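# Summary of the model geometry
Chain residues, written in single-letter form:
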Amino acid sequence: MVTLAEVARHAGVSASTVSYVLSGKRPISDLTRRRVRASIEQLGYQPHAGARALASSRSRIIALMVPLRTDMYVPVMLEIAVAVATTARARGYDVLLLTGEEGPSALRRVTGSGLAEAVILMDVQLDDGRLPVLRAAAPPAVLVGLPADPAGLNCVDLDFAAAGALCVEHLAGLGHREIAVVGGSPGVYARHTGFAERTLGGLRERAGRLGVGLLHRPCDGSHDAVAGVLARILDERPGVSAFVVQNETAVEPLLALLRRTGRAVPEDVSVVAVCPEAVAAQASVPLTSVAIPAQELGRRAVERLFARLTGPGGPDATGVELLTPVLTVRASSGPPPSRRLTG
């Protein structure tokens, strides 16, 4: 490996001058800076990350906490993570991925050791156990998600409450009066995961306002689990004419089971989903859906983080940014059978 001393000899300067060019701690003439930079490029010198961190008090590493739980749809989480890593790398930062469920202890370890210069938290719960540690340590940080109390925090997320409301408005506008919601795994709600709770809140609020009946049932997403949930829904609410699904793994089992029970989509029953665009567009019946903008969430998280890193008074240094949901109508939603008969 090329050393700093070799760069100094090649550029005809002292080792300390090379160090100052890299750290920016002292003013160096433009001519000398260009000569040092040219030597670095010609020799392929890579500063030692640990030494650079000690010299500048900056590790240029972002810790991304993304617990990969078995009851979450991992492809969405990874799409956000890739967007975070790509955007950070374009700004000269690397990403340390923390995928375990250590929660507060992992955050305390990362912030206390100086291993990472900043933190991005995903899979945010309404009462997230990591937040007291985050508030106490006060590192530059962004949450991809929205806790119950976001005061003083830097958050970005899809407006899931508005997404739920959009689904109800669309179906009510078509004439549906009884809607069933097939949600995520029971564990998602037991943890009070923010996106799931906020979607459900938006669904219930808008259904109540429009006088639409709403039944919510969590579901593991396996074929057998979906079959059991569907049977219970139809038994409890035989008048259900529309489903809202917020569970990517339940989409195809639900469509298959509806076909098997003689319910055509959308002629007999409508299905709307809150899911990634690809899941909706590639379903056996292309789904009317509110898309989850995973890449945009990852990109905006890094952009908001760098607003903090460049100065506490920078724009968007704290606060909440909620991306506006968009509902795309496809082949899975239409008027209920009763509306067709009277129409």
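These numbers were taken from a predicted model, which means no experiment stands behind them. (Residues numbered from 1 in each chain as written. Predicted model: local features only at pLDDT ≥ 70, side-chain atom pairs only at ≥ 80, totals over all residues. Heavy atoms only, no water.)

## Considering the overall build of the protein chain
A tally of regular secondary structure across the protein chain gives 15 helices and 12 strands. Relative to a compact globule of 343 residues, whose C-alpha radius of gyration would be 20 Å, the protein chain shows 25 Å and is clearly more extended. Expressed as lengths along the three principal axes of its C-alpha atoms, the size of the protein chain is roughly 90 × 40 × 35 Å. The 343 residues of the protein chain split such that 48% are buried. In the protein chain, 72% of the contacts between residues at least 6 apart in sequence involve partners at least 24 apart. In the structure as shown, the protein chain presents an accessible area of about 15,500 Å², 55% of it carried by carbon and sulfur atoms. (Helix = DSSP H or I, 4+ residues; strand = E, 2+ residues; numbered from the N terminus. Rg over C-alpha atoms; globule rule 2.2 N^0.38 Å. Buried < 20%, exposed > 50% of the residue type's maximum accessible area, 1.4 Å probe, protein only. Contact = heavy atoms within 4.5 Å. Areas by Shrake-Rupley, 256 points an atom, 1.4 Å probe, with all protein chains shown as cover.)

## Structural notes on the domain arrangement of the protein chain
Each domain of the protein chain was delimited in the assignment, giving domain 1 (4-47), domain 2 (61-158 + 294-324) and domain 3 (160-291 + 328-342). Computed over C-alpha atoms only, the centres of domain 1 and domain 3 are separated by 61 Å. (Domains from an automatic or database assignment.)

## Details of the sheet that holds strand 8 (residues 242-245)
On the basis of which strands lie adjacent, the open sheet formed by 6 strands has the order 7-6-8-9-10-12 and mixed pairing. A strand with exactly one partner marks an edge of an open sheet, and here the two such strands are strand 7 (213-217) and strand 12 (327-328). Examined bridge by bridge, strand 6 (residues 178-182) and strand 8 share 4 bridges and lie parallel to one another. Along strand 8, the bridge assignment pairs Ala180 with Phe243. Helix 8 (residues 160-174) rests against strand 6, strand 8, strand 9 (270-275), strand 10 (288-291) and strand 12 of the sheet, and its axis sits at about 165° to strand 9. Packed onto the sheet, helix 11 (residues 223-236) meets strand 6, strand 7 and strand 8 and runs at close to 155° relative to strand 7. (Pairing = 2+ DSSP bridges. Axes fitted to C-alpha atoms, helices over the stretch in contact; angles between N-to-C directions.)

## Observations regarding the sheet that holds strand 1 (residues 61-65)
Strand order in the open sheet formed by 6 strands is 2-1-3-4-5-11, and the pairing between neighbours is parallel. In this open sheet, the two strands that pair with only one neighbour each are strand 2 (94-98) and strand 11 (319-323). Each strand of the sheet is rotated relative to its neighbour by a mean of 20°, with strand direction disregarded.

## Some points on the packing of helix 5 (residues 74-90) against helix 14 (residues 294-309)
Two packed helices can be described by the angle between their axes and the distance between those axes. Packing of helix 5 against helix 14 leaves a shortest axis separation of 7 Å and a crossing angle of 40°. One way to sum up the angle between helix 5 and helix 14 is to call them oblique. The interaxial crossing formed by helix 5 with helix 14 has right-handed handedness. Note on element contacts: helix 14 touches helix 5 through Ala294, Gln295, Leu297, Gly298, Arg299 and Val302, opposite Val76, Glu79, Ile80, Ala83, Val84, Thr87 and Ala88. By residue class, the composition of the contact of helix 5 with helix 14 is 8 nonpolar, 3 polar and 2 charged. (Parallel < 35°, antiparallel > 145°, perpendicular 65-115°, else oblique. Left-handed = near helix turned anticlockwise from the far one by under 90°. Nonpolar A, V, L, I, M, F, W, Y, C, P; charged D, E, K, R; others polar.)

## With respect to the packing of helix 2 (residues 15-23) against helix 3 (residues 30-43)
Direction vectors running N to C along helix 2 and helix 3 enclose 90°, while the axes themselves pass 10 Å from each other. In this view, helix 2 runs roughly perpendicular relative to helix 3, as classed from their interaxial angle. Here Thr17, Val18, Val21 and Leu22 of helix 2 lie close against helix 3, whose contacting residues are Thr32, Arg33, Val36, Arg37 and Ile40. Residues belonging to the contact of helix 2 with helix 3 are distributed by class as follows: 5 nonpolar, 2 polar and 2 charged.

## Looking at the packing of aromatic side chains
Per the stated rule, a full pass over the model turns up 2 aromatic pairs. Summarising the aromatic geometry, the rings of Tyr93 and Phe306 are spaced 5.0 Å apart at their centres and angled 85° between planes, so their arrangement reads as edge-to-face. You can see Tyr93 sitting in the loop between helix 5 and strand 2 and its partner Phe306 sitting in helix 14, a full 213 residues away along the chain. The exposure classification of Tyr93 matches that of Phe306, with both residues buried. (Phe/Tyr/Trp six-rings, centres within 6.5 Å; stacked < 30°, edge-to-face > 60°.)

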